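# Commentary on secondary and tertiary structure
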Amino acid sequence: DSGVTQTPKHLITATGQRVTLRCSPRSGDLSVYWYQQSLDQGLQFLIQYYNGEERAKGNILERFSAQQFPDLHSELNLSSLELGDSALYFCASSAGRGNSPLHFGNGTRLTVT
Amino acid sequence: ILNVEQSPQSLHVQEGDSTNFTCSFPSSNFYALHWYRWETAKSPEALFVMTLNGDEKKKGRISATLNTKEGYSYLYIKGSQPEDSATYLCAFPASSGNTPLVFGKGTRLSVIA
């Protein structure tokens, strides 16, 4: 058990809709990262938060947004969903240094129909 | 753009065989190199974080070496077992300090009993 909790485990929704993915980091970890894994793609970095502040942005679409709350949980909001947004979305947390390992949640499998 | 290359893409070995695979990364501005194991239907799990040139880390039958001057790391599995079947990912911080990891696409290992 990594200590990172992600909900929901599965989401099935229609194109054009909006969904929210939730993540609670491991106790003591201040950094939260969101990654996307699509078919035949590796883990693509979306966005990082550290202690409530956005720290780094990767290949995150404008239709997607995220935030980290004072209790350090994070939410990833995906709107105007398209078929191509179907993917496995992982949240990970770490102590926030480059030599700190990432601890991954179990992921949310999003299917857009 | 930071690029982390892994080879081979996939590997099939017989139970009891020893095997190894490679991760190549930019040798300039090295900070750390991470290895993760990702079993099917689970989330990636940290194996090693390596920071020093010439470093060698070991966990059971799995070990890893690091050459920061030439920009590569090897992961070795001795006496492969079916439970070693997984995708092995390496990752590199985008820069030093509190930055996200850039992941390679992984090496998918299948160990045949």
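Coordinates for the structure precede this section.
To start, this report covers the structure provided alongside it.

So, how was this worked out
- Residues numbered from 1 in each chain as written.
- Chains lettered and ligands numbered in written order.
- Predicted model: local features only at pLDDT ≥ 70, side-chain atom pairs only at ≥ 80, totals over all residues.
- Heavy atoms only, no water.
- Buried < 20%, exposed > 50% of the residue type's maximum accessible area, 1.4 Å probe, protein only.
- Helix = DSSP H or I, 4+ residues; strand = E, 2+ residues; numbered from the N terminus.
- Pairing = 2+ DSSP bridges.
- Axes fitted to C-alpha atoms, helices over the stretch in contact; angles between N-to-C directions.
- Core = buried A, V, L, I, M, F, W, Y, C linked by side-chain atoms within 4.5 Å.
- Contact = heavy atoms within 4.5 Å.

## Details of the pairing of strand E7 (residues 64-68) of chain A
All names here are of chain A. Residues Phe 64, Ala 66 and Gln 68 line the buried face of E7, whereas the alternating positions Ser 65 and Gln 67 sit on a face that is not buried. Examined bridge by bridge, E7 and strand E8 (residues 74-78) share five bridges and lie antiparallel to one another. Following the sheet pairing, Gln 67 is matched in E8 by Glu 75. Joining the antiparallel neighbours E7 and E8 is a turn of five residues, in which Leu 72 adopts a positive phi near 80°.

## With respect to the pairing of strand E5 (residues 45-50) of chain B
All names here are of chain B. Pairing between strand E4 (residues 33-38) and E5: five bridges, direction antiparallel. Opposite Arg 37, over in E5, you have Glu 45 as the bridge partner. The hairpin formed by E4 and E5 contains six residues between the paired strands, and Ala 41 there has a positive phi angle of roughly 70°.

## Regarding the sheet that holds strand E1 (residues 5-7) of chain A
All names here are of chain A. Here we have four strands laid out as an open sheet, ordered E1-E3-E8-E7, and antiparallel in their pairing. Of all strands in the sheet, those with a lone pairing partner are E1 and E7, marking the two edges. Between one strand and the next, the sheet's axes are offset by a mean angle of 15°, whatever the strand orientation.

## Here we look at the nonpolar core
As a rule of thumb, nonpolar side chains are buried together in soluble globular proteins. In terms of nonpolar packing, the biggest core is built from 23 residues, with Phe 21, Leu 33, Trp 35, Phe 48, Leu 75, Tyr 88 and Leu 109 of chain B touching the most fellow members. At the level of secondary structure, the elements contributing two or more residues to this core comprise strand E2 (10-14), strand E3 (19-24), E4, E5, strand E7 (62-67), strand E8 (72-77), strand E9 (86-93) and strand E11 (107-112) of chain B. Tallying contributions element by element places E9 of chain B first for this core, with four residues. Each residue touching Phe 21 of chain B, except ones within four places of it in the same chain, is listed here: Ser 7, Pro 8, Leu 11, Trp 35, Ser 73, Tyr 74, Leu 75, Ile 77, Tyr 88, Thr 107 and Leu 109 of chain B. Within the second largest apolar cluster, 21 residues are counted, among which are Cys 23, Ile 60, Ala 66 and Tyr 89 of chain A.

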